[in-house]
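For reference, the chains in residue letters:
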2 protein chains.
Amino acid sequence: MASAETDKPNRSDKQDRRYHHGDLRHAILTAALDVITADGPAGLSLRDLARRAGVSHAAPAHHFRDRTGLLTAIAAEGFALLAAALNDASDLKDAGGRYVRFAREHPAHFQVMFAPGLLRADDLELTTARALATDALRTSVSGVHAEDFGIDSRLAGVAAWSLAHGFATLLLGHNLDGPVGDRDPEEVFRTLATTLFRTP
Amino acid sequence: MASAETDKPNRSDKQDRRYHHGDLRHAILTAALDVITADGPAGLSLRDLARRAGVSHAAPAHHFRDRTGLLTAIAAEGFALLAAALNDASDLKDAGGRYVRFAREHPAHFQVMFAPGLLRADDLELTTARALATDALRTSVSGVHAEDFGIDSRLAGVAAWSLAHGFATLLLGHNLDGPVGDRDPEEVFRTLATTLFRTP
DNA sequence: CTCGGAACTTGACACTGACTAGATTGCCTG
DNA sequence: CAGGCAATCTAGTCAGTGTCAAGTTCCGAG
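The shown structure was predicted, so the numbers you read here are calculated from the model rather than taken from an experiment. Think of each chain on its own: its residues are numbered from 1, step by step along the sequence as written. To label them, take the chains in the order written and letter them from A, then take the ligands in the order written and number them from 1. Totals for whole chains, interfaces and linings use every residue, but because this is a predicted model, local features are given only for residues with pLDDT of at least 70 and side-chain atom pairs only at 80 or more, for both listing and counting. To obtain the side-chain values, all non-hydrogen atoms of the structure were used and water was disregarded.

**Concerning the packing of helix H8 (residues 153–172) of chain A against helix H8 (residues 153–172) of chain B**
The axes of two packed helices give the description: the angle between them and the distance between them. Here an axis means a line fitted to C-alpha atoms, over the contact stretch when the element is a helix, while the angle between two N-to-C directions is reported on a 0 to 180 degree scale. Secondary structure elements are taken from DSSP: a helix is a run of H or I of four residues or more, a strand is a run of E of two residues or more, and numbering for both begins at the N terminus. At a minimum axis separation of 6 Å, H8 of chain A and H8 of chain B run at an interaxial angle of 100°. Relative to H8 of chain B, the element H8 of chain A lies roughly perpendicular. Of H8 of chain B, the residues touching H8 of chain A (which contributes Val158, Ala159, Trp161, Ser162, Leu163, His165, Gly166, Phe167, Thr169 and Leu170 of chain A) are Val158, Ala159, Trp161, Ser162, Leu163, His165, Gly166, Phe167, Thr169 and Leu170 of chain B. Note that Gly is not counted as nonpolar here; it falls among the polar residues with everything else outside the nonpolar set of Ala, Val, Leu, Ile, Met, Phe, Trp, Tyr, Cys and Pro and the charged set of Asp, Glu, Lys and Arg. Its residues assigned to classes, the contact of H8 of chain A with H8 of chain B comprises twelve nonpolar, eight polar and no charged. Oblique is the label for every angle not falling under 35 degrees (roughly parallel), over 145 degrees (roughly antiparallel), or within 65 to 115 degrees (roughly perpendicular). Contacts are assigned to residue pairs that have any heavy atoms within 4.5 Å of one another.

Here it is in structure tokens:
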């Protein structure tokens, strides 16, 4: 009850609720990631995030226009993180391993990044971040000598991306719990990639 | 104004609105598939589906308990369709091709099937249908001589499933529009699968 | 014929996203 | 050291949604 020092007594039902949260944008982003990791993007509610941050229900809208805006920001951040993770990959299977690791370390980002229906497709920050990540992917693939496989290099890239993306997606959906068991998923993936992408 | 023959005048604001729709469950399912195909599962509203069927807002709940129930039913139907599509696949790359074709022909089902956060995981109909599809997948993979690749057959199955699933997912998300161009995606996939899964 | 249960309606409640106007704050300029 | 201004946050409102409980209509078995 006895509030020690009501520096500004606008409302102290939460311990130190100042008018300006300080870093609301960041607080909401991380809270959103928690919720998405637990319940998926469907369970996300701006009002709930506001409550968690101890802030009024309309406050989030000032940082992210809408729900779609919030998810778009998360996706953009995800693509930036992915690009960074892929940046200095040594070779193809290393890049794939990093892709899988990224999905495991940032499951919320990963889900949102590939849920186009939830995003504002024409958002500038999003499209540039995505382009950056795509570039990183492309350079990772450029090391593979596609002619060894009898297909052009773009198709080799599609194959590699499909393999990594499918593995990561199925993994996050707990569809590989049986086969992978308690081995390190990233290691399992490297084995697969090495086997499939060895030169004939 | 002059309603021709008010066979049962409960309400004739729609031409022939009878009290019993006749096949509401089916009508709602197909309408839901349309909506999901267009806007994704996020854009799905039970009330909207009810309106489309010309039925009161709470009617859908009688056939599918809730929104989750509806999506679960769609997922179960999807796994059954997938199992049927995979049933008489001749070999591995044929199965993969069928997997990709299934995703293209039933995009709504495919999306919902792999969105665990939206489904009732313990639903009986769903789990049995999924088991059926998993079996069909497993038998498709059993033809590959895994020892040729130096990995055990379960891992070969994981590799094949990952490749097909990743390709299908990226395709539906329009992430492969560039590389695939206007070629038949299914054919492109068969090329990839043949290349990666050839015996050394 | 009737009567029981299935199919659907009606009404209500709590919750959500979105929008608006206004209050508060802290910083930056002069 | 003011004082103003823009960013930040509050408060109130509206339409739309899922879900529940209680009615109404209809069909078909007995």
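Still more to cover.
**Here's the deal with the pattern of salt bridges**
Opposite charge on two side chains permits them to pair, given that their charged atoms come into close proximity. All names here are of chain B. For this analysis, a salt bridge means a side-chain nitrogen from Lys or Arg found within 4 Å of a carboxyl oxygen belonging to Asp or Glu. Going through the model one piece at a time under the given rule, you end up with 20 salt bridges over all chains. One salt bridge connects Arg190 with Asp94, and the closest N-O pair in it is separated by 3.4 Å. Separated by 96 residues along the polypeptide, Arg190 in helix H10 (residues 185–196) and Asp94 in helix H5 (residues 92–105) bring together distant segments of the chain. In terms of burial, Arg190 and Asp94 fall into one category: buried. Linking Arg138 and Asp135 is a salt bridge whose minimum nitrogen-to-oxygen distance equals 3.5 Å. With Arg138 and Asp135 both in helix H7 (residues 124–141) and three residues apart, this pair spans about one turn of that helix. Under the scheme applied here, a residue whose accessible area is under 20% of the maximum for its type counts as buried, over 50% as exposed, and between as partly exposed, the area being computed with a 1.4 Å probe on protein chains only.

**Notes on helix H10 (residues 185–196) of chain A**
A rise of 1.5 Å per residue sets the reference length of H10 of chain A, with its twelve residues, at 16 Å; its end C-alpha atoms lie 17 Å apart and thus fit the reference within 8%. Counting buried positions along H10 of chain A yields nine of twelve residues, so the element is predominantly enclosed. Here H10 of chain A has its buried residues at Pro185, Glu186, Val188, Phe189, Arg190, Leu192, Ala193, Thr195 and Leu196 of chain A. Lining the buried residues of H10 of chain A we find helix H5 (92–105), H8 and helix H9 (177–180) of chain A together with H8 and H10 of chain B. Expected span of a helix, by definition, is 1.5 Å for each gap between consecutive residues, and there is one gap fewer than residues.

**Here's the deal with the interface of chain A and chain B**
Taken together, the 33 residues of chain A in the interface contact 33 residues of chain B. Buried area, as used here, totals the accessible surface that two parts lose on assembly, with accessibility defined by a 1.4 Å probe and the loss added over both. When the two sides are added together, the surface that chain A and chain B hide from each other amounts to roughly 3000 Å², 75% of it contributed by carbon and sulfur. Connecting chain A to chain B are zero salt bridges. Polar contacts, as used here, are pairs of N or O atoms within 3.5 Å; protein pairs need one atom able to donate a hydrogen and one able to accept it. Residues neighboring in sequence count only if both atoms are side-chain atoms. Inspection of the chain A/chain B interface yields two residue pairs in polar contact (both at pLDDT 80 or more). Elements that contribute at least two residues to the side of chain A that touches chain B include exactly H8, H9 and H10 of chain A. Broken down by element, the residue count for the side of chain A that touches chain B peaks at twelve residues, all from H8 of chain A. Looking at side-chain class alone, the side of chain A that touches chain B contains 20 nonpolar, nine polar and four charged residues.

**Examining the side chain of Asp94 of chain A**
Note on Asp94 of chain A: relative accessible area 10%, which makes it buried. When near neighbours in sequence (up to four residues on either side) are disregarded, Asp94 of chain A contacts Ala89 and Arg190 of chain A.

**Structural notes on the environment of Leu171 of chain A**
All names here are of chain A. Mapped onto the secondary structure, Leu171 falls in helix H8. Looking at Leu171, the relative accessible area reads 12%, which means it is buried. As a C-alpha pair, Leu171 and Pro185 span 14 residues in sequence and 8.2 Å in three-dimensional space. Discounting chain neighbours no more than four positions away, the residues touching Leu171 are Val100, Arg104, Leu176 and Pro185.

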